[in-house]
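# An overview of the molecular structure
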Amino acid sequence: MEINEANEPKESLNFIEEIVEEDIRNGKHGGRVHTRFPPEPNGYLHIGHAKAIVVSFGIAQKYGGITNLRFDDTNPVTEDTEYVDAIKRDIHWLGYDWDDREYYASDYFPKLYEFAVDLVKKGLAYVDDSSPEEIARMKGNPSQPGEESPFRLRSIEENLDLLERMRNGEFEEGSRVLRARVDMTSPNMHMRDPIIYRIKFAHHHRTGDQWCIYPMYDFAHGQSDSIEEITHSLCSLEFRHHRPLYDWFIEKLEIFPSRQIEFARMNVAFMITSKRKLLQLVKEGYVTGWDDPRMPTLTGMRRRGYPPAAIRMFADKAGVARRDNIIEYELLESCVREELNRTSARVMAVLNPLKVVLTNYPEGQVEQMDVENNPEDDSMGTRQMPFSKELYIERDDFMENPPPKYFRLAPGGEVRLKAGYIIRCDEVVKDQAGEIVELRCAYYPNSRSGSDTSGIKVKGTIHWVSAPHALEAEVRLYDRLFTDPTPDQHEGQDFKEFVNPESLKVLEKAYVEPALAEAKPMDQFQFLRMGYFSVDPDSTSAKMIFNRAVTLKDAWAKVQQKG
RNA sequence: AGACCCAUGGUGUAAUGGUAGCACUCCGGUUUUUGGUACCGUCAGUCUAGGUUCGAAUCCUUGUGGGUCUACCA
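Please read these numbers as outputs of a predicted model, since none were measured by experiment.

### What about the packing of aromatic side chains?
Taken as a whole and judged by the stated rule, the model has 22 aromatic pairs. On the numbers, 5.0 Å between centres and 25° between planes, the contact of Y44 with W290 is stacked. Taken as a pair, Y44 in the loop between β1 (34–37) and α2 (47–62) and W290 in the loop between α9 (275–283) and α10 (298–304) lie far apart in primary sequence, 246 residues in all. On the basis of relative accessible area, W290 is assigned to the buried category, the value being 18%. Taking 5.2 Å as the distance between ring centres and 65° as the angle between the ring planes, the aromatic pair formed by F527 and F546 counts as edge-to-face. In this pair, F527 sits in strand β25 (residues 524–527) while F546 sits in strand β27 (residues 544–551), placing the two residues 19 residues apart along the sequence. A residue is classified by how much of its surface remains accessible, and F546, at 1% relative accessible area, is buried. Within the aromatic cluster, the residues linked to one another by ring pairs are Y361, F387, Y421, Y443 and W464. Positioned above the aromatic ring of F171 is the side chain of R176, whose terminal nitrogen or guanidinium carbon lies 4.0 Å from the ring centre.

Encoded structure:
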């Protein structure tokens, strides 16, 4: 990293930022930066879209520009208003806004039709009566040039007439298309007289039955960019081959010269983003819906408890470049932890309860213990937790025959109850099956947290809840949906074979501290030593439900694994 | 196999002809009333072969590997 005059590290730019900064230096478009995010309203937004959103909105934000939201709704057969609202909600949730610039490619249908007429008049487009099969055959293949359609040399007048009659609904669906006259010998398949209008007698979610011809992507997207005077149109690598056509239309139509810039889309290990495959997971019941916390959808990640700031950070850290990539799942988790560590209140919850009776604690006594809400942030204050004779601790925090370096409770051993007392395990009570059902312990009255004069040194501190005060809750432990980093990249194997059977574990009867009675849906907490959890939207005061977003890092688990 | 794009530690991304850096992961340590956090440290990289140059991750050529393109989808 270079050092500038201010002796501060020089920020490194990604290749898009470099292009934008150069454009600004050159005064291109008056130094204006205007991007767009163009979802098709035919599905839910996922982690891949999140990356595109962060890049497009982020670039504009960084350079004082603005971003349009534009629904790319040129295919009435697959699109629906249902998705429009979900998409808008998800983008807002991610933290971005487009003010009143909510546009639809379908709003431009009249203008797009004018463009088509213009092209015909310039002799640059023609109506082709060939069948889909014939068109495909004449297109050739990447290593062989195509051949020209017999309809390619129709007169301008005839083309104008035919186009108008197409629009008027005089021809059957599939019987004719409008094609741009470019170059049938181009090595770029997209330049071989691409279809720009097709006939579809379909009801459009916005324009209704006004139109029976609809523009193709290549004749809608770039033109919409141009109409909106988008300066930098950012898209994924797969559109690289469309760019010559994008530029061709701009040149021939003599319209605003938006510039398309492609970057590599983000792939995340253990996640899939194919709309079709995601739909399968929903339809076939592998998940409970599009907002299942295991889904890579924005709505799923929201329910999972991933903060929008964490997703933005993740997209940011993944970077922008032009090579294929698979980002490790651990980076996402790291971002989620970083954000939640800063923002979430600590509470105690015992997921797998084991009863502890303090034999020397006065019957019926209850003490209120002060506990900090977030050691990272004093401004979050403290709360009180009731302490009594009967408690629950985590089953994993006791071992009858502990290995070396086990810092928790064991027979005859001592441990501190966080913000409470130090206790000593005197007796292990088992049922007939030999399972441990209760621990009988002694507490040291002079070891109270904050005024400890016992002088006892313990290695471990564990969380707990007071049995008579604890609230029962259901806790859903989520893990990655797949067991393989690239479940849909295995030839001959269906991606569903890699669905993780342990992606969800439901704990029906966990205990949480009473302060959680006031928690509202989507509130987020760190369950001390266990992970980050949020209140599920379906949670009620009668039945609280918590979803685990991510565990805390667990150094002990690693020690154990190594044996 | 036609054209186009890409190639830097395990992963991702910088270095724009001049000391290969950062983040995540991994491993080790310090602090800790969360085996968390914070902090410190270790390991580890320029795909191959040529060329240009005083000097190449960077420019050129070649090979190799990966990706994209042949929907009336976007």
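Back to the text.
### Here's the deal with the sheet that holds strand β3 (residues 102–104)
One open sheet holds the three strands; their spatial order is β1-β2-β3, and the pairing between them is parallel. The open sheet has two free edges, formed respectively by β1 and β3, since each of these has just one partner strand. Adjacent strand axes in the sheet meet at a mean angle of 35° when their direction is disregarded. Of the strand pairs in this sheet, β1 and strand β2 (residues 66–71) are connected by four bridges, and their pairing is parallel.

### Structural notes on the protein's contact with RNA strand B
What surrounds RNA strand B is a group of 68 residues, the closest being E18, R322, R408, S449 and R529. Between S12 and RNA strand B, the recorded distance is 3.4 Å, taken from a side-chain N or O atom to a sugar or linking oxygen. Within the contact set of RNA strand B, a phosphate oxygen lies 2.7 Å away from a side-chain nitrogen or oxygen of T74. Those elements that place two or more of their residues in the surface near RNA strand B are β6 (195–199), α11 (308–318), β11 (326–327), α12 (329–343) and α13 (555–561). Counting residues per element, the surface near RNA strand B draws most heavily on α12, which supplies four residues. Split by residue class, the surface near RNA strand B holds 24 nonpolar, 20 polar and 24 charged.

### Some remarks on the environment of V429
Its place among the elements puts V429 in strand β19 (residues 422–430). The sequence separation of V429 and S56 amounts to 373 residues, and the corresponding C-alpha distance is 61 Å.

### Quick look at empty space enclosed by the protein
Taken as a whole and assessed by the stated rule, the structure comprises two cavities of 30 Å³ or more. In this model, the largest cavity occupies a volume close to 90 Å³. If you go around the largest cavity, you meet 15 residues; those closest to its centre are F270, M271, R294, P296 and L481. Along the lines of polarity and charge, the residues of the lining of the largest cavity split into 11 nonpolar, no polar and four charged. Roughly 40 Å³ of internal volume is contained in the second largest cavity.

### Regarding the domain arrangement of chain A
Under the domain assignment, chain A is made up of domain 1 (15–263), domain 2 (268–346 + 473–562) and domain 3 (353–462). For domain 2 and domain 3, the distance between their C-alpha centres works out to 30 Å. Taken together, the contacts link 15 residues of domain 2 with 20 residues of domain 3. When domain 2 packs against domain 3, the two sides together hide about 1400 Å² of surface, and 56% of this comes from carbon and sulfur. Counting the surface domain 2 buries against domain 3, the share from its top three residues, R346, R529 and W556, is 43%. Our enumeration of links across domain 2 and domain 3 arrives at two salt bridges. A salt bridge links R383 to E513; the shortest N-O distance between them is 2.7 Å. On inspection of domain 2 and its partner domain 3, the count reaches seven residue pairs in polar contact (both at pLDDT 80 or more).

### Considerations on the pairing of β27
Most of β27 is tucked away: seven of the eight residues are buried. Where strand β23 (residues 471–478) lies against β27, four bridges are found, and the strand directions are parallel. Opposite V475, over in β27, you have F546 as the bridge partner. Note: strand β26 (residues 531–535) against β27, five bridges, orientation antiparallel. The partner of V535 across the bridge, within β27, is F546.

### A short note on the sheet that holds strand β4 (residues 125–128)
What the four strands build is an open sheet, ordered β4-β5-β6-β7; its pairing is antiparallel. The outermost strands of the open sheet, each flanked by one partner alone, are β4 and β7 (213–215). The mean angle between the axes of side-by-side strands here comes to 20°, regardless of whether they run parallel or antiparallel. For strand β5 (residues 177–180) and β6, the ladder comprises three bridges, and the chain directions are antiparallel. Within β6, the position partnered with V177 by the bridge is R198. Strands β4, β5, β6 and β7 of the sheet are contacted by helix α6 (residues 156–167), whose axis makes an angle of about 60° with β4.

### A word on the state of the cysteines
Under the defined criterion, the tally for this structure stands at zero disulfides. No disulfide involves C425; its nearest neighbouring cysteine sulfur is the one of C441, lying 4.5 Å away. Overall, C425 belongs to the buried group, its relative accessible area being 1%.

About the criteria used
- Residues numbered from 1 in each chain as written.
- Chains lettered and ligands numbered in written order.
- Predicted model: local features only at pLDDT ≥ 70, side-chain atom pairs only at ≥ 80, totals over all residues.
- Heavy atoms only, no water.
- Phe/Tyr/Trp six-rings, centres within 6.5 Å; stacked < 30°, edge-to-face > 60°.
- Helix = DSSP H or I, 4+ residues; strand = E, 2+ residues; numbered from the N terminus.
- Buried < 20%, exposed > 50% of the residue type's maximum accessible area, 1.4 Å probe, protein only.
- Lys NZ or Arg CZ within 6 Å of the ring centre and 35° of its normal.
- Pairing = 2+ DSSP bridges.
- Axes fitted to C-alpha atoms, helices over the stretch in contact; angles between N-to-C directions.
- Near = heavy atom within 4 Å.
- Polar contact = N/O pair within 3.5 Å; in protein donor to acceptor, adjacent residues only side chain to side chain.
- Nonpolar A, V, L, I, M, F, W, Y, C, P; charged D, E, K, R; others polar.
- 1 Å grid on protein atoms, 1.4 Å probe; cavity = no way out; pocket = protein on both sides within 12 Å on 5 of 7 lines; lining within 4 Å.
- Points joined across faces, edges and corners; volume = space filled by probe spheres on them.
- Domains from an automatic or database assignment.
- Contact = heavy atoms within 4.5 Å.
- Buried area = accessible area lost by both parts, 1.4 Å probe.
- Salt bridge = Lys/Arg side-chain N within 4 Å of Asp/Glu carboxyl O.
- Disulfide = S-S within 2.5 Å.

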